[in-house]
Amino acid sequence: MASAQKGEQNRAFFITFEGGEGSGKSTQLRLLADRLSTHGIETLSTREPGGSPQSEQIRDLVLQGDNDRWTPMTEALLIAASRAEHVSRKIIPSLASGRWVLCDRFADSSIAYQGAARGLGTKRIAKLQRLVLGDFGPDLTLILDLPPKLGLARALEREAVLKTGEDRFERAGKQFHKDIRRAYHKITEAEPDRCKLIHADATIDDIHEAVWAHVSQLTGLT
Ligand code: TYD
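Along each chain, numbering runs from 1 in the same order as the chain's sequence is written. Whole-chain, interface and lining totals are the exception, using all residues; otherwise, since this is a predicted model, local features are given only for residues with pLDDT of at least 70 and side-chain atom pairs are given and counted only at 80 or more. Think of the side-chain values as coming from all heavy atoms in the structure, minus any hydrogens and water.

A look at the sheet that holds strand β4 (residues 140-145)
Whether parallel or antiparallel, the strands of a sheet pair through hydrogen bonds between backbone atoms. Selection rule: Note on pairing: two strands pair once DSSP finds at least 2 bridges between them. In this description a helix means any DSSP run of H or I spanning at least four residues, a strand means any run of E spanning at least two, and both kinds are numbered starting from the N terminus. Whenever a helix is involved, its axis is fitted only over the stretch in contact; in every case the axis is a line through C-alpha atoms, and angles between N-to-C directions fall within 0 to 180 degrees.
Here we have five strands laid out as an open sheet, ordered β2-β3-β1-β4-β5, and parallel in their pairing. Edge positions in the sheet fall to β2 (43-47) and β5 (195-199), since each of these pairs with one other strand and no more. Direction aside, neighbouring strands of the sheet carry axes that sit 20° apart on average. Pairing analysis gives four bridges linking strand β1 (residues 14-19) to strand β3 (residues 100-104), with the strands arranged parallel. The residue of β3 that forms the bridge with Thr-16 is Cys-103.

Quick look at the nonpolar core
Here is the rule: Take the buried residues of types Ala, Val, Leu, Ile, Met, Phe, Trp, Tyr and Cys, join any two whose side-chain atoms come within 4.5 Å, and each joined set is a nonpolar core. In this scheme, a residue with accessible area under 20% of its type's maximum is buried, one over 50% is exposed, and one in between is partly exposed, where area comes from a 1.4 Å probe on protein chains only. Residue contacts are defined here by distance: any two heavy atoms, one from each residue, within 4.5 Å place the two residues in contact.
Ile-15, Leu-32, Trp-100, Phe-106 and Val-215 are the most contacted members of the largest nonpolar core, which has 34 residues in total. Where this core is concerned, the elements lending two or more residues are β1, α1 (25-38), α3 (72-96), β3, β4 and α8 (204-219). The dominant element in this core, judged by the number of residues it contributes, is α8, at five residues. Ignoring sequence-local partners within four residues, the contact set of Ile-15 consists of Leu-32, Trp-100, Val-101, Leu-102, Cys-103, Leu-140, Leu-142 and Val-215. Counting residues in hydrophobic clusters, the runner-up holds 24 residues, among them Val-62, Leu-78, Ala-172 and Ala-183.

Here's the deal with the packing of aromatic side chains
Heads up, the rule is: Any two rings among Phe, Tyr and Trp, with Trp reduced to its six-membered ring, count as a pair given centres within 6.5 Å; such a pair is stacked if its planes are under 30 degrees apart, edge-to-face if over 60, and tilted if neither. Remark: a charge is flagged as sitting over a ring if the NZ atom of Lys or the CZ atom of Arg is within 6 Å of the ring centre and within 35 degrees of the ring normal.
Throughout the structure, instances matching the rule amount to four aromatic pairs. Between Phe-14 and Phe-106 the ring centres are 5.0 Å apart and the planes differ by 85°, which places this aromatic pair in the edge-to-face class. Linking Phe-14 in strand β1 with Phe-106 in the loop between β3 and α4 (107-117), this pair joins segments that are 92 residues apart in sequence. Relative to Phe-136, the ring of Phe-14 has its centre 5.3 Å away and its plane inclined at 20°; by these criteria the two rings are stacked. Separated by 122 residues along the polypeptide, Phe-14 in strand β1 and Phe-136 in the loop between α5 (122-133) and β4 bring together distant segments of the chain. The pair formed by Phe-14 and Phe-136 is uniform in burial state, with each residue classed as buried. Members of the aromatic cluster, joined through ring pairs, are Phe-14, Phe-106 and Phe-136. Positioned above the aromatic ring of Phe-106 is the side chain of Arg-83, whose terminal nitrogen or guanidinium carbon lies 5.3 Å from the ring centre.

Here you go:
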């Protein structure tokens, strides 16, 4: 959706990675950036919430502290504000300069987390995204699908090592994470051309090959 037609090789694509906690998005994003660079393609790797200095300040507000630090609507609006900054200051300029953008989470995270799991309603949150983004959106969204039990165990292990203090969402209940997974499935059903569900209880290499197959289909790269 970000710019022109499928199959054109000389334009910049906007690709997002989505999934529950501990689904391995960041690793896959890195592997994709490395593979694209072997094709001579420059990429901007970024993340949400965050990705620009102002958005990173909002990220700290959103991810640190108690699980009930913000009301769900405040949380949704803070993340939307951070997205508005990120898109206009980083993502659009990068695409305009011909540099592809790989983003760890984007608007679908808001639909799954704030819309479904926090109970604000997926339609309402989709509407908020349209307000912030207009028609702008990813060309391809890769959703790493994993049973929440597995992903959460990985994510909590990682937090125990890294101690980022960014574990508000990891500490939410089991149902919260089940709702997120179900929301991603529904998003994929509604937008099968853009969204691709990838089985993430697999080896890093196998997941990467599945990622590459979708990127290759979209871009014509082999
Ligand atoms: P992060 O540490 O990047 O987690 P992960 O490795 O799981 O991506 O933290 C991002 C957290 O922010 C994650 O728990 C999901 C949440 N989030 C939302 O709730 N809504 C959003 O729109 C975005 C982008 C993220």
